[in-house]
Amino acid sequence: MTLLSVSEARERILSHFQSVTTESLPLAECMNRVLAQDITAETDLPLFDNSSMDGFAIRATDVADANPASPRSLRVVADIPAGASPTISLAPGEAARIMTGAQMPNGADAVVPVEDTDFENRDAGSTPPDYVKIFKPVKSGDSTRPRGMDVHAGDVVLKKGRALKPQDLGLLAMLGFARVEVHRKPRVGLFSSGDELLEVGALLESGKIRDSNSYMLASLIESANVEVVRLGVAKDNFDSVKSLLERAVNENVDLILSSAGVSVGAYDFVKSVIESNGSMDFWRVDMRPGKPLAFGKYKKIPFIGLPGNPVSAFVGFEVFVRGTLGRLSGSLDGSRQTVRVRSEEEINSDGRESYLRAQIREENGILLARLTGHQGSGNLLSLVQADALLIIPAGVKCVPAGQEVDAWLL
Ligand code: AMP
Ligand code: MG
């Protein structure tokens, strides 16, 4: 059996994946989808010069000497609500009442907010005055938003490979993209295996445990914005495993993910089924928890077999599967961000790359870490209590108290 470093195993797996096909979707369905194209603005933003205040559009030179004791009186020649297309052109000594977001008239170069005039009525329906007194000077451009101040036509505003966020959808709408070319959502077929596993609602029987991995792994997959096809629990026999794998094939999944049954044990049938119609390798990865890992293909569909112990399955997902799902999704950065945390205690490790559960607290801007509970790979409570996985590099046997290490925040 091959012994691989974490990065070797990760690279080997990744090399079998490329992004799924793309589709054109209505903008409203694009949240979290990964862009398959660069987005180039076809218009400026704002689209036109407009007012950022309710007030009066004026020529700044007209009010250069205005002050409360001797205000400057301007003739109001127009009323411009939001959505109107002004046709006038302001001459010297003239003003136009204008609302926030309304298009600036020709000739005007600034807006005086209503509170700096003698006409404080902000009601959109009210009749504008014939004359308005201006109490303060303004500079050219004040309280206006010039066309193109945010975006210029031709700018690339969003890059291919970006998972779309709510604010991105807002910008796409501003720019008139009613449909967007995005990657389709990948599909992952998920199953658990083992004769000991019961459905969570079933009556307990002696010697049996509840299948917890499928709930945890399904939500991890969904947290990566990937669709889960729950295939259920495979019994430890050839036919049961085979029928679940066949369902995965029929469901057209992009990846089959399983937990348990991948250590070389007498009751591990996953290997023989996969090899009846594909290939599978067992790897020992120089990591803890989660040393055994299987990778193969069943009828050309990639298969990743995670260990059965719940914490190992979780860590295995984060280390090997999350990035793979990112690659499938077309995402340029599907991996977790690492932060630096300071260990509050001495941590002993066995030289394998270790992913340890820790609680994090902040003190004076520094993240301090303490390991939680029992670090054994079956102890899920310590993972529940953890805020982070500390990453102790391969080869390190002791991290002294006070030393910083990389961590993934959970
Ligand atoms: P295995 O890889 O089949 O040797 O399983 C390793 C350990 O993980 C055993 O203690 C199993 O009972 C446990 N295990 C396997 N699958 C699950 C599961 N779906 N949920 C919870 N524990 C599991
Ligand atoms: Mg088993």
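The structure we're discussing is the one just above.
Residues numbered from 1 in each chain as written. Chains lettered and ligands numbered in written order. Predicted model: local features only at pLDDT ≥ 70, side-chain atom pairs only at ≥ 80, totals over all residues. Heavy atoms only, no water.

Visitor: What exactly am I supposed to notice about the overall build of the chain here?
Guide: Summing up its helical and strand segments, the chain has 7 helices and 28 strands in all. For 410 residues, the compact-globule formula gives about 22 Å, and the C-alpha radius of gyration of the chain, at 31 Å, lies well above that figure. Once the C-alpha set of the chain is aligned to its principal axes, its extents read approximately 95 × 50 × 40 Å. Every one of the 410 residues in the chain was classed for burial, and the buried ones make up 45%. (Helix = DSSP H or I, 4+ residues; strand = E, 2+ residues; numbered from the N terminus. Rg over C-alpha atoms; globule rule 2.2 N^0.38 Å. Buried < 20%, exposed > 50% of the residue type's maximum accessible area, 1.4 Å probe, protein only.)

Visitor: Which parts of the structure should I look at to understand the sheet that holds strand S5 (residues 55–58)?
Guide: Backbone-to-backbone hydrogen bonds pair the strands of a sheet. The strands run either parallel or antiparallel. What the 5 strands build is an open sheet, ordered S8-S5-S7-S6-S9; its pairing is mixed. The outermost strands of the open sheet, each flanked by one partner alone, are strand S8 (110–113) and strand S9 (131–134). On average, adjacent strands in this sheet sit at an angle of 40 degrees to one another, irrespective of strand direction. Bridging between S5 and strand S7 (residues 94–98) involves 3 bridges; their strand directions are antiparallel. Looking at the pairing, Phe-56 lines up with Arg-97 of S7. (Pairing = 2+ DSSP bridges. Axes fitted to C-alpha atoms, helices over the stretch in contact; angles between N-to-C directions.)

Visitor: Honestly, the site of ligand 1 in this entry has me stumped. Any pointers?
Guide: In the vicinity of ligand 1 lie 15 residues, with Glu-196, Asp-211, Ser-212, Gly-308 and Asn-309 positioned nearest. Here a nitrogen atom of ligand 1 and a backbone polar atom of Ser-212 are 3.1 Å apart. The backbone of Gly-308 places a nitrogen or oxygen atom 3.2 Å from an oxygen atom of ligand 1. Taking a 2 Å distance to the grid points as the criterion, the majority of the atoms of ligand 1 fall inside the second largest pocket. Among the secondary structure elements, those contributing two or more residues to the shell around ligand 1 are strand S13 (187–193) and strand S15 (209–210). Taken together, the residues that form the shell around ligand 1 break down as 4 nonpolar, 8 polar and 3 charged. (Near = heavy atom within 4 Å. Polar contact = N/O pair within 3.5 Å; in protein donor to acceptor, adjacent residues only side chain to side chain. 1 Å grid on protein atoms, 1.4 Å probe; cavity = no way out; pocket = protein on both sides within 12 Å on 5 of 7 lines; lining within 4 Å. Sits in = over half its atoms within 2 Å of the grid points. Nonpolar A, V, L, I, M, F, W, Y, C, P; charged D, E, K, R; others polar.)

Visitor: Mind showing me how you'd approach unusual backbone geometry here?
Guide: A cis geometry characterises the amide bond from Leu-45 onward to Pro-46, with omega recorded as -10 degrees. Along the chain, Pro-46 turns up in the loop between strand S3 (39–40) and strand S4 (50–51). A cis amide bond links Arg-288 with the next residue in sequence, Pro-289, at an omega value of -5 degrees. Despite not being glycine, Ala-260 has its phi angle at roughly 75 degrees, a positive value. Inspection of the secondary structure puts Ala-260 in the loop between strand S17 (255–259) and helix H5 (270–276).

Visitor: Just checking my understanding: could you explain the layout of surface pockets for this structure?
Guide: Picture a little ball the size of a water molecule; that probe, rolled over the atoms, points out where space is still empty. Quantified by volume, the largest pocket comes out at close to 570 Å³. Lining of the largest pocket is provided by 23 residues; of these, Ala-163, Asn-225, Ser-331, Asp-333 and Gly-334 occupy positions nearest its centre. With 4 residues, helix H6 (residues 310–329) is the single largest residue contributor to the lining of the largest pocket. Its residues assigned to classes, the lining of the largest pocket comprises 5 nonpolar, 11 polar and 7 charged. Here the second largest pocket defines a volume of roughly 390 Å³. Of all elements in the fold, only S13, S15 and H6 reach the threshold of two or more residues within the lining of the second largest pocket. The residue makeup of the lining of the second largest pocket, split by class, is 8 nonpolar, 13 polar and 6 charged. (Points joined across faces, edges and corners; volume = space filled by probe spheres on them.)

Visitor: How should the pattern of salt bridges be read in this particular structure?
Guide: A side chain with one charge may pair with a side chain of the opposite charge, provided their charged atoms come close. Scanning all chains against the criterion turns up 23 salt bridges. Arg-162 is paired through a salt bridge with Asp-168; the nearest N and O atoms lie 2.7 Å apart. Since its relative accessible area comes to 4%, Asp-168 is described here as buried. One salt bridge connects Glu-345 with Arg-370, and the closest N-O pair in it is separated by 3.9 Å. On the criterion of sequence distance, the pair formed by Glu-345 in the loop between strand S22 (338–343) and strand S23 (347–348) and Arg-370 in strand S25 (residues 366–371) is long-range, its members being 25 residues apart. (Salt bridge = Lys/Arg side-chain N within 4 Å of Asp/Glu carboxyl O.)

Visitor: Looking at this structure, I do not really get the sheet that holds strand S21 (residues 301–306). What am I missing?
Guide: If you trace the 7 strands from one edge of the open sheet to the other, you get S1-S18-S20-S21-S17-S13-S16, paired in mixed fashion. Sheet topology places strand S1 (2–4) and strand S16 (227–234) at the edges, where each strand pairs with a single neighbour. When strand polarity is set aside, the average angle formed by the axes of neighbouring strands in this sheet is 25 degrees. As paired strands, S13 and S16 are joined by 7 bridges and run parallel to one another.

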